[in-house]
Amino acid sequence: MSTVLIVPGLREHVPGHWQTILEARLAAQGRKVRAVAPMGRADLDCAARLQGIERAAQAIEGPIFIVAHSGGCISVAHWAQQTTRRVAGALLAAPPDFESPMPAGYPTLAELAAAGWLPVPRLRLPFPSLAATSSDDPLGELERVRELAREWGSREVHLGAVGHLNPASGFGDWPLAESLLRRLEESASFEQS
């Protein structure tokens with residue numbers, strides 16, 4: 001049986017975030033699910049986040065499917081370039097554009113660079129991925145996010161105008177995450193048979 005690894009972005013633990021809800025829902029269904037602990041924005045150390053993903057991934061036996069959001073997508077792109085752990089697939093929801101200035105309250109380009117986030121990896125990911133994009137995400141202009149997804153080799157799932165796909169954009173529960181995860185799992189099963 002596969003395990004779903006939840007990789008949060010630059011946020012604290014948020015009970016009403018769709019990733020938190022998804023984690024609880026999958027666990028209630030008897031699915032194996034594990035989450036990398038959120039680190040928030042106070043400590044932007046990219047290397048520490050990558051170590052957290054590595055520890056969680058190496059502790060899992062069997063296939064892994066990643067569900068990342070926002071800065072978690074960038075974390076996964078960095079981590080994928082250095083890990084030996086195989087991944088069956090990844091859902092990358094609302095990847096931000098860390099190489100362009102973000103709104104007030106978010107890290108600056110200088111802060112991201114100092115913490116090791118830049119440059120954002122643009123190498124093809126070594127596993128299948130879906131990138132869920134938004135036409136009005138304040139953290140990433142659509143064409144720049146699409147370009148990043150193409151470079152990662154991700155298939156795009158355009159969601160329309162969903163903001164940053166977080167509680168501030170009205171997402172709490174996001175049932176489509178389960179459907180997209182199933183699509184990845186079915187695709188991986190088909191490729192292995």
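Above this text is the structure in question.
A brief structural summary. (Residues numbered from 1 in each chain as written. Predicted model: local features only at pLDDT ≥ 70, side-chain atom pairs only at ≥ 80, totals over all residues. Heavy atoms only, no water.)

### Here we look at empty space enclosed by the protein
One pass over the structure, following the stated rule, counts one cavity of 30 Å³ or more. There is about 40 Å³ of room inside the largest cavity. Lining the largest cavity are Pro96, Asp97, Phe98, Glu99, Val120, Arg122, Arg144, Val145 and Leu148. Of the residues in the lining of the largest cavity, the class split is five nonpolar, no polar and four charged. (1 Å grid on protein atoms, 1.4 Å probe; cavity = no way out; pocket = protein on both sides within 12 Å on 5 of 7 lines; lining within 4 Å. Points joined across faces, edges and corners; volume = space filled by probe spheres on them. Nonpolar A, V, L, I, M, F, W, Y, C, P; charged D, E, K, R; others polar.)

### Some details on the pattern of salt bridges
On inspection of all chains with the given rule, the structure shows nine salt bridges. One continuous salt-bridge network, built from bridges that share partners, spans Glu99, Arg122, Glu147 and Glu151. (Salt bridge = Lys/Arg side-chain N within 4 Å of Asp/Glu carboxyl O.)

### Observations regarding the sheet that holds strand 1 (residues 3-7)
In space, the six strands of this open sheet follow the order 2-1-3-4-5-6, with parallel pairing throughout. With one partner strand each, in any of the chains shown, strand 2 (32-35) and strand 6 (155-158) form the two edges of the open sheet. Between one strand and the next, the sheet's axes are offset by a mean angle of 20 degrees, whatever the strand orientation. Inspection of the sheet shows strand 1 paired to strand 2 by four bridges, in the parallel sense. Residue pairing in the sheet places Leu5 in a bridge with Arg34 of strand 2. Packed onto the sheet, helix 1 (residues 18-28) meets strand 1, strand 2, strand 3 (64-69) and strand 4 (89-93) and runs at close to 155 degrees relative to strand 3. Along the sheet face, helix 5 (residues 142-152) touches strand 4, strand 5 (129-133) and strand 6 and points at about 150 degrees away from the line of strand 6. (Pairing = 2+ DSSP bridges. Helix = DSSP H or I, 4+ residues; strand = E, 2+ residues; numbered from the N terminus. Axes fitted to C-alpha atoms, helices over the stretch in contact; angles between N-to-C directions. Contact = heavy atoms within 4.5 Å.)

### Looking at the nonpolar core
Leu5, Val7, Ile66, Leu92, Phe98, Trp117 and Trp152 are the most contacted members of the largest nonpolar core, which totals 34 residues. Elements with a contribution of two residues or more to this core: strand 1, helix 2 (46-58), strand 3, helix 3 (71-80), strand 4 and helix 5. Contact partners of Trp117, with chain neighbours within four places excluded, come to Leu10, Leu44, Cys46, Arg49, Gly71, Ile74, Ser75, His78, Phe98 and Leu112. (Core = buried A, V, L, I, M, F, W, Y, C linked by side-chain atoms within 4.5 Å. Buried < 20%, exposed > 50% of the residue type's maximum accessible area, 1.4 Å probe, protein only.)

### Remarks on the side chain of Arg49
Tracing the backbone through its elements, the reader meets Arg49 in helix 2. Despite its burial, Arg49 remains without a salt bridge, the nearest opposite charge being carried by Asp43 at 6.1 Å. Excluding residues that lie within four positions of it along the chain, Arg49 makes contacts with Gly9, Leu10, Met39, Gly40, Asp43, Leu44, Ser75 and Trp117. (Lys, Arg positive; Asp, Glu negative; His and termini not counted.)

### Here we look at unusual backbone geometry
A cis amide bond links Leu118 to the next residue, Pro119, at an omega of 0 degrees. Structurally, Pro119 is set in the loop between helix 4 (109-114) and strand 5. The phi angle at Ser70 is positive, at roughly 55 degrees, despite the residue not being glycine. Counting through the fold element by element, Ser70 comes out in the loop between strand 3 and helix 3. Owing to a relative accessible area of 8%, Ser70 belongs among the buried residues under this scheme. We note that Ala94 has phi near 55 degrees; this positive angle belongs to a residue other than glycine. Checked against the element boundaries, Ala94 lands in the loop between strand 4 and helix 4. Taking the relative accessible area as the measure of exposure, Ala94 reaches 4% and is therefore buried.

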